[in-house]
Amino acid sequence: MGDTVIVIIVIALSVVLMFVFPLMTMADRTDDIAQLTIETATSDFVNSIVVKGKITPEDYQSFLQTITSTGNTYDVEIEVQVLDENPGKKTTQTDRTTIGENEYYIITTSQVLDVIDPDGGTPKSYGLKEGDFVFVRIKNTNQTLAQQLKNFFYTVVGNDTYSQSTEKGAMVKATGK
């Protein structure tokens, strides 16, 4: 009777060591690769916007295709801070370093998507000018296999948890036409 219990415990332990831990390790590596992919794609997308001075529908679709190729679903937020130059009344130059205030107003994801990916309309590029800022934030909306395994074994529960996220922002260096 005692030998039978020990044999069952040894079999259960060997199953965990032979199958579960390698599965968790591979799932973690898959998440690492997906994280690297979305970081690279986000950086390339923002750099393209900064250099061109505009958000093109082609670049956006390519960006979405790259990040969804990881097999996960993502929430993508685009924020554009547009420079509203107000040089003041006492100057004749329109140099933004002179008298006056420089204000930024914020354009959100929905406003950008209305231009570059309209419902039923023709997509157009969203033009920016030098001095504007663009920020792109991503986080996954599904639970990956690694997250599911960790939640099962470590009882780390939470609906708002995500394992993959990145953020990139930069100042636009060219005025898009």
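The written sequence of each chain sets the order in which its residues are numbered from 1. It should be noted that, the model being predicted, local features are given only for residues of pLDDT at least 70 and side-chain atom pairs only at 80 or more, the latter also being counted only at that level, while totals for whole chains, interfaces and linings use all residues. For the side-chain quantities, the full set of heavy atoms in the structure was used; hydrogens and water were omitted.

A. Quick peek at a nonpolar patch on the surface. Together, V7, I11, V15, M18 and F19 line one region of the surface with nonpolar side chains, adding up to about 500 Å² of accessible area. On the secondary structure map, V15 appears in helix α1 (residues 2–52). Using a 1.4 Å probe on the protein chains alone, a residue whose accessible area is under 20% of its type maximum counts as buried, one over 50% counts as exposed, and one in between counts as partly exposed. Overall, the relative accessible area of 40% leaves V15 in the partly exposed class. Each patch groups residues whose relative accessible area exceeds 30% and which form no salt bridge, using 9 Å between like charges and 5 Å between nonpolar side chains of Val, Leu, Ile, Met, Phe, Trp and Tyr. Here the Shrake-Rupley method, with its probe set to 1.4 Å, supplies the accessible areas, and only the displayed protein chains count as covering residues. Only one rule defines a salt bridge in this text: a Lys or Arg side-chain nitrogen within 4 Å of an Asp or Glu carboxyl oxygen. Comment: elements are numbered from the N terminus, with helices defined as DSSP H or I runs of at least four residues and strands as E runs of at least two.

B. Structural context of the side chain of T109. One can find T109 in helix α3 (residues 109–116). Within polar-contact distance, the side chain of T109 engages the backbone nitrogen of I78 at 2.7 Å. If sequence neighbours within four positions are ignored, T109 has contacts with V76, E77 and I78. Definition of a polar contact: a pair of N or O atoms within 3.5 Å, with one able to donate and the other able to accept a hydrogen when the atoms are protein atoms, and with sequence-neighbouring residues admitted only if both atoms are side-chain atoms. Residue contacts follow a heavy-atom distance rule, with two residues in contact if any of their heavy atoms lie within 4.5 Å.

C. Molecular detail of the nonpolar core. Only buried Ala, Val, Leu, Ile, Met, Phe, Trp, Tyr and Cys residues count toward a nonpolar core, and they belong to the same one when joined by side-chain atoms within 4.5 Å. Formed by 26 residues in total, the largest nonpolar core has its most connected members in I55, F63, I78 and V80. When contributions to this core are tallied by element, the ones reaching two or more residues are α1, α2 (57–68), β2 (74–86), α3 and β5 (133–140). Top element by residues in this core is α1. It accounts for seven residues. Residues within four places of F63 in sequence aside, it is in contact with A41, T42, F45, V76, V136 and I138. Counting residues in hydrophobic clusters, the runner-up holds five residues, among them V20, A27, A146 and L149.

What is shown is where atoms sit, not what they do.
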